[in-house]
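# Summary of the model geometry
What follows is the residue order along each chain.
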Amino acid sequence: MNSQKSEGFKPYIDSNIILPELSVKAIILGILFGMIFGASTVYLALKAGLTVSASIPIAVLAISLGKKLFKTNILENNIIQTTGSAGESIAAGVVFTLPAFLFLSDPSVGDNFFQYWTILTLAVFGGILGTLMMVPLRRSLIVKEHETLPYPEGTACAHVLIAGEKGGDFARTAYYGLGFSLLYAIFQKVFHVIAEVPKWGSSQMNKYFPSAVVAGEITPEYLGVGYIIGPKIAGVLVAGGIMASLCMIPLLSNLVSPDIIAAQLAKLNLLDPTKASAKFGWDPVAHTFTNTADAVYRAYIRQIGAGAVAAGGFITLMKTIPTIISSFKDSMGSMKEKGEKAVLRTENDLSFKVVLLGSAALIILLALLPQIPGNFFGKILLGILVIIFGFFFVTVSSRIVGIIGSSNNPISGMTIATIMGTALIFIAIGWTGQVYEPMALVIGGMICIAAANAGATSQDLKTGYIVGATPKNQQIALFIGAIFSSLVIGFTVKYLDTPTSDMVANGIHHAIGEKYAAPQATLMATLIKGLLSFNLDWVFVLSGVFIAIVLELCQVKALSFAVGLYLPLATTLPIFIGGVVKGIVDWNSRRKNKAAEDSELGKGSLFATGLVAGGALAGVIVALLTVDEGIANTIAKFSAEHGITSALGEHGYNLLGVIFFAIMAWILYRIGSKD
């Protein structure tokens, strides 16, 4: 029905025009950007459980660097953006699932598989699977439904590339944001002039409101993320954090004795009640915590939040059942049409034989590679399930992002559905217990990576369709981007997981789970352990499930609230402030009768994009440097924290940090208001 409209569509570069496209310089620049944004996404996703689409910033960089320095044309710039965007999506899929190896029932088994080569293999295979399954879907979803599926990031990237070709200057504002963010991060993370997490709270002894804590990790990347996602989603996110920190934690800390809290932490392998704990301030003699709020959060809130996230993901998935059915029908129809020869350059896809042979190769490689858990026949079953679930959820992912965009793609819900479906199959054939947990995680991890990459691939193909790219060249570039970005993603995950000397002294061998929350991965491990060992802590999980149901009945998006409930308020509060800035900018635009609110191509959004990129990159650089004890000690010498604290006091130091953050928010507001 939409094919007639799409047939009348004219791309920016006509199909009869032949320009350099899949050039060496375009591929190399794309690989470079993919590695950079892949590494920064790993950091952001581990810290906050959030990602931001890299497509638009890479498109901006492609114009500013590619066109101006390397004389690339619009089709080469599109290849740069296509190759580079794979890094962000694959990194998200990896971080959301594979750290769950560390949280399985037997930590030693998880350690064996949480190795660089296993992460690299699953990242590459999942990334290739997501692109592979999109080959037969491109004509159905991108071409025939051009009018009904806007693919917002893909359309925006196309506009950026076309405007850049015409002389539009978008890069300067994004670079201002990048530079400002890096400078702020240096003062915060190296010199410690700016407090990282200002915190105000009541003590456990407070008889009116015990252990209530308000905190904010006042980083530029969180402010930028909030501005990009807007006030509505940011508000729902922080609402979950407020419910946890200012409602549930004070209530539970007042009702539950410290001994019961300690016993629950012991059940989760987070505390030995017979030994003192620096993390929670547990005193086994006095039977008290000095950090009751964090103890309650770890003992109860994270499990309740996990149940809410699971339910929110499922509810989101259930809402898209009509989309799933229509996508499946259209996808099967598009396969039957593949017998037609593609004549025009802009209709030239990879052969469907590549999809069939590639799928068979993935199954065989999964069965043969030693870094994949299971025996030969078990791994054959893994491969078959990956292909079946992969095609299904790649189809779903592509259509969903076509409507609501990649940033709102509910890949966590798809992964939860995959893990539960896999667990039911395992239980049906008698595969229960700890030994099968890594195998279930492999399937969930690859589907999560594939679904995430399929969403980004769909946006890239939409961009290519609008600018007049060759689909076959884009698909090849996506394969290249998936492979090379995975090399850096696996390294970054493992390096950030390196514990500090203080962690090692306290018997902690992984930074992930301590310094980096990895909320989605923790959820996946909780589900796998509970389902396969029949010991899921249902009382807390089901409480979270019904919180999500109540929110949906109130017409609130449960998944966003659930993520806020799971994450610390210190994460969601600065994100909310960024959303408030965006809301004020948009309100002023409407009040002044401007043509449009600050869009993805507005100065405010581009500056926020720079804040996210700069803050995340600074976080990666500082984290990589501080892993080395010698470098960490050198950096510590530059810290001004103790001098400022002695002069202003701890509260004065926190207040100074808040003032710096407020200045950054004001600058973002001023830049956003200039559109």
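Residues numbered from 1 in each chain as written. Predicted model: local features only at pLDDT ≥ 70, side-chain atom pairs only at ≥ 80, totals over all residues. Heavy atoms only, no water.

### Digging into the overall build of the chain
- Looking only at helices and strands, one finds 26 helices and 2 strands in the chain.
- For the chain, the share of sequence-separated contacts (at least 6 apart) that also reach a separation of at least 24 residues comes to 82%. (Helix = DSSP H or I, 4+ residues; strand = E, 2+ residues; numbered from the N terminus. Contact = heavy atoms within 4.5 Å.)

### Regarding unusual backbone geometry
- Phi at S211 takes a positive value of approximately 55 degrees, unusual for a residue other than glycine.
- Note on placement: S211 falls in the loop between β1 (199–201) and β2 (213–215).
- If you check the backbone angles, Q555 has positive phi at about 65 degrees while not being a glycine.
- As for its position among the elements, Q555 is in the loop between α21 (538–553) and α22 (558–566).
- Look at Q555 and you get exposed, because its relative accessible area is 74%. (Buried < 20%, exposed > 50% of the residue type's maximum accessible area, 1.4 Å probe, protein only.)

### Overview of the nonpolar core
- Of all hydrophobic cores here, the largest spans 143 residues; its most connected members are V94, F101, I261, F289, F426 and V493.
- With near-sequence residues (within four places) excluded, F101 lies in contact with G110, F113, F114, L122, P438, L441 and V442.
- Of all hydrophobic cores here, the second largest spans 18 residues; its members include I13, I63, A156 and A469. (Core = buried A, V, L, I, M, F, W, Y, C linked by side-chain atoms within 4.5 Å.)

### Topic: a nonpolar patch on the surface
- A contiguous nonpolar surface patch, about 490 Å² in accessible area, is contributed by W200, L655, V658, I659, F660 and I663.
- Take the nonpolar patch: its biggest share by element is 5 residues, from helix α26 (residues 641–672).
- The residue L655 is located in helix α26 in this model. (Patch = residues over 30% accessible without salt bridge, like charges linked within 9 Å, V, L, I, M, F, W, Y side chains within 5 Å. Areas by Shrake-Rupley, 256 points an atom, 1.4 Å probe, with all protein chains shown as cover. Salt bridge = Lys/Arg side-chain N within 4 Å of Asp/Glu carboxyl O.)

### A few points about the packing of aromatic side chains
- Here the structure, examined in full by the defined rule, presents 12 aromatic pairs.
- A ring pair is formed by W282 and F289, whose centres lie 4.8 Å apart and whose planes are at 45 degrees; its orientation type is tilted.
- Given the relative accessible area of 9%, F289 is considered buried.
- Ring plane angle 85 degrees and centroid distance 5.4 Å describe the contact between F376 and F377, whose orientation is recorded as edge-to-face.
- Ring-pair connections join several aromatic residues into one group, and the members of that group are F426, W431 and Y436.
- Sitting above the plane of the Y227 ring, K582 keeps its charged end 5.9 Å from the centroid. (Phe/Tyr/Trp six-rings, centres within 6.5 Å; stacked < 30°, edge-to-face > 60°. Lys NZ or Arg CZ within 6 Å of the ring centre and 35° of its normal.)

### Considerations on empty space enclosed by the protein
- By the definition in use, this model includes 3 cavities of 30 Å³ or more.
- Its volume calculated, the second largest cavity comes out at about 60 Å³.
- Taken together, A306, V309, P519, Q520, L523, V563, Y566 and L567 make up the lining of the second largest cavity.
- Among the elements of the structure, α12 (292–319), α20 (519–533) and α22 are those that each provide at least two residues to the lining of the second largest cavity.
- Looking at the lining of the second largest cavity element by element, the count peaks at 3 residues for α20.
- Grouping the amino acids of the lining of the second largest cavity by side-chain chemistry returns 7 nonpolar, 1 polar and no charged. (1 Å grid on protein atoms, 1.4 Å probe; cavity = no way out; pocket = protein on both sides within 12 Å on 5 of 7 lines; lining within 4 Å. Points joined across faces, edges and corners; volume = space filled by probe spheres on them. Nonpolar A, V, L, I, M, F, W, Y, C, P; charged D, E, K, R; others polar.)

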